[in-house]
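What follows is each chain in one-letter form.
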Protein chains: 4
Amino acid sequence: MESGKPIIGINLKAYSQAIGMNAVKITKAAEDVSKTYGCEIFVCVMPTDLRMVKSSVSSIKVFGQHMDPVEDGAYTGHITPLALKDAGADGVMLNHSERRLRLDQIDECVKLAVKHGLKTLVCANTPLEAKAVSCFDIDMVAVEPPELIGGKVSVSTAKPEVIKNTVKEVRDVNKYVKILVGAGIKNSVDVKKSLVLGADGVLLASAVAKAQDPKKAIENLIV
Amino acid sequence: MESGKPIIGINLKAYSQAIGMNAVKITKAAEDVSKTYGCEIFVCVMPTDLRMVKSSVSSIKVFGQHMDPVEDGAYTGHITPLALKDAGADGVMLNHSERRLRLDQIDECVKLAVKHGLKTLVCANTPLEAKAVSCFDIDMVAVEPPELIGGKVSVSTAKPEVIKNTVKEVRDVNKYVKILVGAGIKNSVDVKKSLVLGADGVLLASAVAKAQDPKKAIENLIV
Amino acid sequence: MESGKPIIGINLKAYSQAIGMNAVKITKAAEDVSKTYGCEIFVCVMPTDLRMVKSSVSSIKVFGQHMDPVEDGAYTGHITPLALKDAGADGVMLNHSERRLRLDQIDECVKLAVKHGLKTLVCANTPLEAKAVSCFDIDMVAVEPPELIGGKVSVSTAKPEVIKNTVKEVRDVNKYVKILVGAGIKNSVDVKKSLVLGADGVLLASAVAKAQDPKKAIENLIV
Amino acid sequence: MESGKPIIGINLKAYSQAIGMNAVKITKAAEDVSKTYGCEIFVCVMPTDLRMVKSSVSSIKVFGQHMDPVEDGAYTGHITPLALKDAGADGVMLNHSERRLRLDQIDECVKLAVKHGLKTLVCANTPLEAKAVSCFDIDMVAVEPPELIGGKVSVSTAKPEVIKNTVKEVRDVNKYVKILVGAGIKNSVDVKKSLVLGADGVLLASAVAKAQDPKKAIENLIV
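Residues numbered from 1 in each chain as written. Chains lettered and ligands numbered in written order. Predicted model: local features only at pLDDT ≥ 70, side-chain atom pairs only at ≥ 80, totals over all residues.

So, about the overall build of chain A. Helix and strand content of chain A: 10 helices and eight strands. With the C-alpha coordinates of chain A rotated into their principal frame, the extents come out at 45 × 40 × 30 Å. Taking all 223 residues of chain A together, the buried fraction comes to 61%. In chain A, the share of contacts with a sequence separation of at least 24, taken over all contacts with a separation of at least 6, comes to 65%. (Helix = DSSP H or I, 4+ residues; strand = E, 2+ residues; numbered from the N terminus. Buried ≥ 20, exposed ≤ 12 C-beta atoms within 10 Å, placed from the backbone. Contact = placed C-beta atoms within 7 Å.)

This paragraph deals with the interface of chain B and chain A. Counting residues at the interface gives 32 residues for chain B and 32 residues for chain A. Contributing elements (two or more residues each) for the side of chain B that touches chain A: α2 (47-54) and α3 (81-86) of chain B. In terms of residue count, α2(B) provides more of the side of chain B that touches chain A than any other element does, five residues in total. Grouping the amino acids of the side of chain B that touches chain A by side-chain chemistry returns 13 nonpolar, 13 polar and six charged. (Nonpolar A, V, L, I, M, F, W, Y, C, P; charged D, E, K, R; others polar.)

It is worth spelling out the relation of the copies chain B and chain A at this point. For the match of chain B to chain A, the screw axis carries a shift of 0.0 Å, the RMSD comes to 0.0 Å, and the turn is 180 degrees. Such a turn and shift between the copies fits a two-fold axis. Taking C-alpha positions as the reference, the residue of chain B nearest the rotation axis is B:T48, at 2.5 Å. A symmetric contact is evident, with 100% of the interface residues of chain B recurring at the interface of chain A. (Least-squares fit on C-alpha atoms with pLDDT ≥ 70 in both.)

Our next topic: the packing of helix α1 (residues 21-37) of chain B against α2(B). Residue and element names in this part refer to chain B. Two elements in contact, α1 and α2, have axes separated by 9 Å at closest approach and are oriented at 50 degrees. Compared by their axis directions, α1 and α2 come out oblique. Considering how the two elements wind past one another, α1 and α2 form a crossing that is right-handed. Where α1 abuts α2, its residues A23, V24 and T27 lie against D49, M52 and V53. Tallied by class, the residues present in the contact of α1 with α2 amount to four nonpolar, one polar and one charged. (Axes fitted to C-alpha atoms, helices over the stretch in contact; angles between N-to-C directions. Parallel < 35°, antiparallel > 145°, perpendicular 65-115°, else oblique. Left-handed = near helix turned anticlockwise from the far one by under 90°.)

This paragraph deals with the sheet that holds strand β4 (residues 91-94) of chain A. Residues and elements named next belong to chain A. Read around the barrel, eight strands follow the order β1-β2-β3-β4-β5-β6-β7-β8 and close on themselves; strand pairing throughout is parallel. Strand-to-strand, the axes of this sheet are offset by a mean angle of 25 degrees, without reference to chain direction. In this sheet, strand β5 (residues 119-124) lies alongside β4 in parallel orientation, the contact comprising four bridges. Directly across from V92, in β5, lies its bridge partner T120. Running over the sheet, helix α1 (residues 21-37) touches β1 (7-11), β2 (41-45) and β3 (61-64) and is turned about 170 degrees from β2. (Pairing = 2+ DSSP bridges.)

Further remarks concern the interface of chain A and chain D. With 18 residues of chain A at the contact, the number on the chain D side is 18 residues. When residues of the side of chain A that touches chain D are traced back to their parent elements, those giving at least two are α4 (103-115) and α5 (127-133) of chain A. Here the residues of the side of chain A that touches chain D sort into nine nonpolar, three polar and six charged.

Here we come to the relation of the copies chain A and chain D. Mapping between the two chain copies consists of a rotation about an axis together with a translation along that axis. The transformation that overlays chain A on chain D combines an axial shift of 0.0 Å with a rotation of 180 degrees, and the residual RMSD is 0.0 Å. Take the interface residues of chain A: 100% of them recur as interface residues in chain D, which is what a same-surface contact looks like.

With that settled, consider the sheet that holds strand β2 (residues 41-45) of chain B. Residues and elements named next belong to chain B. With parallel pairing, the eight strands of this closed barrel are ordered in space as β1-β2-β3-β4-β5-β6-β7-β8. Adjacent strand axes in the sheet meet at a mean angle of 25 degrees, parallel and antiparallel pairs treated alike. Across the sheet, α2 touches β2 and β3 (61-64), and the angle it forms with β3 is around 165 degrees.

Nonpolar side chains tend toward joint burial in soluble globular proteins. Among the nonpolar cores identified, the biggest contains 332 residues, and A:V141, B:V141, C:V141 and D:V141 are the most heavily contacted of them. With residues near it in sequence (within four places) discarded, C:V141 still touches C:V122, C:A124, C:A130, C:V133, C:S134, C:V170, C:V177, C:I179 and C:L180. (Core = buried A, V, L, I, M, F, W, Y, C linked by C-beta atoms within 7 Å.)

Scored by pLDDT, chain A comes out at a mean of 94, with 99% of its residues at no less than 70. For this predicted complex, the interface confidence score (ipTM) comes to 0.94, while the overall pTM stands at 0.95. (pLDDT = per-residue confidence, 0-100.)

Mapped onto the secondary structure, B:N95 falls in the loop between β4 (91-94) and α4 (103-115). B:N95 gets classed as buried once you count the C-beta atoms within 10 Å, which come to 28. Between the C-alpha atom of B:N95 and that of B:Y75, which follows or precedes it by 20 residues, the distance is 20 Å. Other than its neighbours up to four places away in sequence, B:N95 contacts B:R100, B:L101, B:I106, B:V122, B:C123, B:V133 and C:L103.

What follows concerns α4(B). Relative to the 18 Å expected for 13 residues at 1.5 Å per residue, α4(B) spans 19 Å between its end C-alpha atoms, a close match to the ideal helical length. Listed in full, the buried residues belonging to α4(B) are B:L103, B:D104, B:I106, B:D107, B:E108, B:C109, B:V110, B:L112 and B:A113. On its buried face, α4(B) sits against α3, β4, β5 (119-124) and α5 (127-133) of chain B together with α4 (103-115) and α5 (127-133) of chain C. Backbone geometry just downstream of α4(B) places B:G117 in the positive-phi region, at approximately 70 degrees. (Expected span 1.5 Å × (residues − 1).)

All names here are of chain A. The backbone phi angle of K13 is positive, close to 50 degrees, even though this residue is not glycine. Structurally, K13 can be placed in the loop between β1 and α1. Residue class for K13 comes out buried when judged on the 27 C-beta atoms lying within 10 Å of it.

All names here are of chain B. The alternating pattern of strand β6 (residues 140-143) places M140 and A142 and V141 and V143 on opposite faces, both of which are buried. Where β5 and β6 come together, four bridges link them in parallel fashion. Residue pairing across strands places V122 opposite V141, the latter belonging to β6. In this region the chain leaves β5, passes through α5 and returns to the parallel neighbour β6; the handedness of that crossover is right-handed. Sheet analysis places β6 next to strand β7 (residues 178-182), joined by four bridges and oriented parallel. Within the sheet, the bridge partner assigned to V141 lies in β7 and is I179. (Right-handed = clockwise from strand over helix to strand, strands pointing away.)

Before going further, it helps to examine the environment of C:L128. Relative to the elements of secondary structure, C:L128 occurs in helix α5. Classification of C:L128 by C-beta neighbours within 10 Å gives buried; the count is 21. If we skip the residues at most four places from it in the chain, C:L128 touches B:D107, B:C135, B:F136 and C:E169.

If you want it as C-alpha cells, here you go:
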C-alpha cells in the first residue's frame with residue numbers, strides 16, 4: 001500500500017437491493033468514487049448481472065462471485081472461466097465463506113483463472129487459511145472472520161490481531177499478493193485502521209449493497 | 001401430447017460453442033423453428049448469457065440451468081430466483097445429472113420457483129427418480145439415463161423401456177406434468193419414437209449446441 | 001400398526017453421551033424395554049460403535065446412521081453397504097436432516113441396501129419429500145420438520161397436520177412402508193398422538209441419547 | 001529421514017478384500033513387518049473396523065480415513081474426533097483424493113485433531129496443495145498425483161519432479177512435517193527412489209490391501 005490509498009472490494013452478494021439495474025447503479029457510483037479519489041475499487045456481481053454491469057461502466061473492475069473448476073463442455077449449471085470472460089469479467093472471487101471450495105478446487109480455479117486472464121481474490125476465514133491460499137498464484141487474499149460478517153463491529157476494531165497475523169503469515173509465503181480484510185467494515189476509520197495494521201484494502205458487502213445511498217456509503221470508506 | 005408436436009428443450013450446457021453471441025444465435029434459430037413448425041421450444045442458457053439471450057428473442061422461452069434453494073440476501077455466488085427473474089428467465093432446469101441437488105433442495109427450489117413465477121423442469125436418472133420429483137409441483141420432468149448422455153444411440157432406441165416405465169410411474173402420481181426424455185436424441189426418428197412411447201417431448205444438448213448449423217440441427221428433430 | 005404398538009427408532013447421533021460403551025448401554029436398555037413391552041425398537045449408531053453394539057445385544061435391530069452410494073473399492077472415507085453388513089448392521093438410516101443426500105444418491109443407496117439385505121429408513125423434511133422417497137423400495141420413512149428437531153414441543157402437538165398429510169401423501173404411492181414421525185418426541189402422549197394421526201411409530205434422539213436414565217426415557221415413550 | 005527407514009502408510013480404502021477380519025489380518029501383518037524391520041507403519045481403516053483392528057494389535061498405529069469438522073452433538077452420520085478416539089484411533093487421514101475437504105474444513109479438522117490428540121495425515125494432489133496444507137499444524141502430508149493413483153507406474157518413476165517440488169515447497173513453510181508420496185507405489189525400488197528424492201515415506205493402498213499375501217506385499221516395500 002505504497003500510495004496509502006486502500007483497495008476496496010464491494011461484494012453485492014445476492015441482496016435483492018443489488019440486483020439488475022441496482023447492480024449497475026452501485027457499480028457506477030463506485031466508478032465515480034474511484035475516479036474522484038484515485039483509489040482502486042472492484043465490484044463482485046451475480047453472474048446474471050455481469051455482462052450488463054460491465055457494459056455500463058468503463059474503468060472499474062467487475063468480478064464474478066464464484067467460478068467452478070472446469071474449463072468448458074458438458075457442465076450444466078456451472079460458472080466457467082470462458083463464460084465469465086465472455087461476459088466481461090475482469091476477475092473472480094473464490095472461496096467466499098458463503099460459497100466455500102475444496103482445496104483442490106481452489107488450486108484448479110486459480111490455474112484456470114490465470115490461464116484465462118482473470119484476476120483472483122481468494123477469501124479465507126483465518127490467518128492460516130489466508131497463508132494457505134497465498135501459496136497459489138493469486139492476486140488478492142481476503143480474510144474475514146465468519147463470526148463478524150454482517151455484524152456491527154468491524155474486524156479492525158474487534159479483532160485487530162487477525163489482521164496483524166494475516167499480514168505476518170501471508171507475507172511469509174507471498175510478497176506480492178494484496179491483502180484485504182473484511183467483516184463489519186463500514187467507514188473510513190475501519191479502513192484506516194486496517195491499513196495501519198498492514199492490510200492493502202478492505203472487502204465489504206452490506207454496508208454498500210444495502211445502503212440507501214450507495215455512493216455516499218462508498219465515499220464514507222475513504223473520507 | 002394431443003397435438004402430436006413435441007416439446008423440445010435445448011440445453012446449451014457450458015459448451016464453448018454456445019457461449020455469449022453463439023447462445024443468442026442458437027436461441028434465435030430455435031425461435032425461428034418454433035414459429036415455422038408450431039412446436040414449443042425452450043433453451044437453457046448459462047446465467048451470464050441469460051439476460052442478453054432473453055432480450056434478443058421475443059416468444060421463445062429461456063431457462064436457467066440451475067438455481068440455488070435460497071431466496072435472496074447474504075448468499076455470495078448463488079443463483080437466486082430473483083436474479084433469474086430479473087434477467088428475464090421464464091423457467092429453470094433443476095437437478096441435471098451434471099448438477100444434482102439434494103432431495104430437500106429440489107423441494108425448496110420448486111417452491112421458490114412457483115412463488116416467483118418460474119417454470120420448472122426437473123431432471124432424473126431413472127423412472128423412479130422421475131416419479132419421485134413428480135410428487136412436487138413441477139411443470140416438466142426429464143428422464144435421462146446417465147450412461148447414454150452424450151452418446152451416439154438415443155434413449156428411445158437403446159432403452160425404450162425407460163421411457164415407457166417413466167410414463168407409467170410418473171402418471172401414477174402426476175397427471176399434468178410434461179414428460180421429456182433425453183440422452184442421445186439427434187433426429188426426428190428419435191423424437192417420434194419418444195412420443196409414441198408416451199413422452200411429451202425431448203431434452204437435448206450437444207446435437208444442437210455443438211452443431212455447425214444449429215438451425216438445421218433443430219429442424220432435423222421435427223422433420 | 002395392527003398391534004397398536006409403536007415402532008421406536010432411536011438415533012444416537014454424535015452425542016458425546018452416547019459414544020462407545022454408552023452406545024452399548026443405551027442399546028441394551030432399548031432391548032430390555034423392547035422385550036418387556038413387545039414393541040419394535042431399533043437404534044441408529046455411529047459406524048465406529050456399530051460392531052461393538054451389535055455384538056453386545058441379541059434381538060434388537062442396529063442401524064447405521066448413513067451410507068454412501070457406492071458398492072466397494074477405491075472409496076476412501078466412505079461408508080459402504082459391505083462395511084455396514086460386516087459390522088453387523090441390520091439396516092441403515094438415510095437422508096437425515098443432518099446428513100442430506102442428493103435424490104440420485106437416495107435412489108442408489110436404496111438399491112444397494114436392498115441388494116445387501118439392509119433395511120432402510122429414509123428421512124424427509126416434509127410430507128411431499130416423504131412421498132417422494134416412498135416411491136423407492138424402502139422399508140420405513142420418517143418425517144421430521146427441521147424447525148422442531150431438538151425442540152421442546154413434539155411434532156404431534158405442534159404440527160399434527162404434518163403427520164396427517166404425510167400419511168395421506170405416502171399412502172398414495174406406497175401401502176407397505178412404515179411411517180415414522182419425529183422432532184420433539186419425548187413421552188407416551190407424544191407417541192400415542194402420532195399413532196392416532198396414522199403413523200406407525202416415532203423417531204427420536206436427544207430425549208434418549210442424552211437422558212440420565214436412558215431405560216426410563218425409553219419406557220416413558222410407551223407407558 | 002535420518003534413519004533411512006521409510007514411514008509407510010497403508011490405506012485400506014473400502015476394498016472388499018480389506019473389510020473386517022481381513023483388516024485385522026493386514027494390520028497384524030503390518031505390525032509384524034514393522035517390528036522385524038524397525039520401520040514406522042500405520043494403517044488407515046474404515047470406521048466400522050477401527051475398534052476391532054485397534055484392539056487386535058499392540059504397537060502399530062491405526063488411523064481413520066476421514067473425519068468431519070465437528071466436535072460432537074447433533075451430527076447424525078458424521079465421523080467425530082471423539083468417536084475416533086473412543087474407537088482407539090491414533091490419527092486420521094484427511095482430504096484424500098477420494099474424500100476431498102474444503103479448505104476451511106481442513107483447517108477446522110486439524111484443530112480438532114490436535115485438541116483431541118489425533119495425529120494428522122493430510123493428502124494433496126499437487127506440490128502447491130501440499131505446501132498449502134503444510135501451513136496448518138499437521139504431522140504428515142502426502143502428495144498423490146490423482147492421474148497415477150491405482151496405476152501401474154509409481155509416482156517416483158513417472159513424476160519424480162512432483163516429489164522434488166513437493167519437498168521444496170513444503171519445506172518452505174514447514175520444517176517438521178513428514179512428507180509422504182503416493183500413487184503406484186509397489187516395491188522397495190519405488191520406496192527408495194522416493195526417499196532419495198527427499199520424501200520421508202510412502203502412502204499406498206491397493207498393492208497391499210488387494211494383495212493375496214499382504215505381509216509379503218509390505219515386506220516388498222522394504223527389502
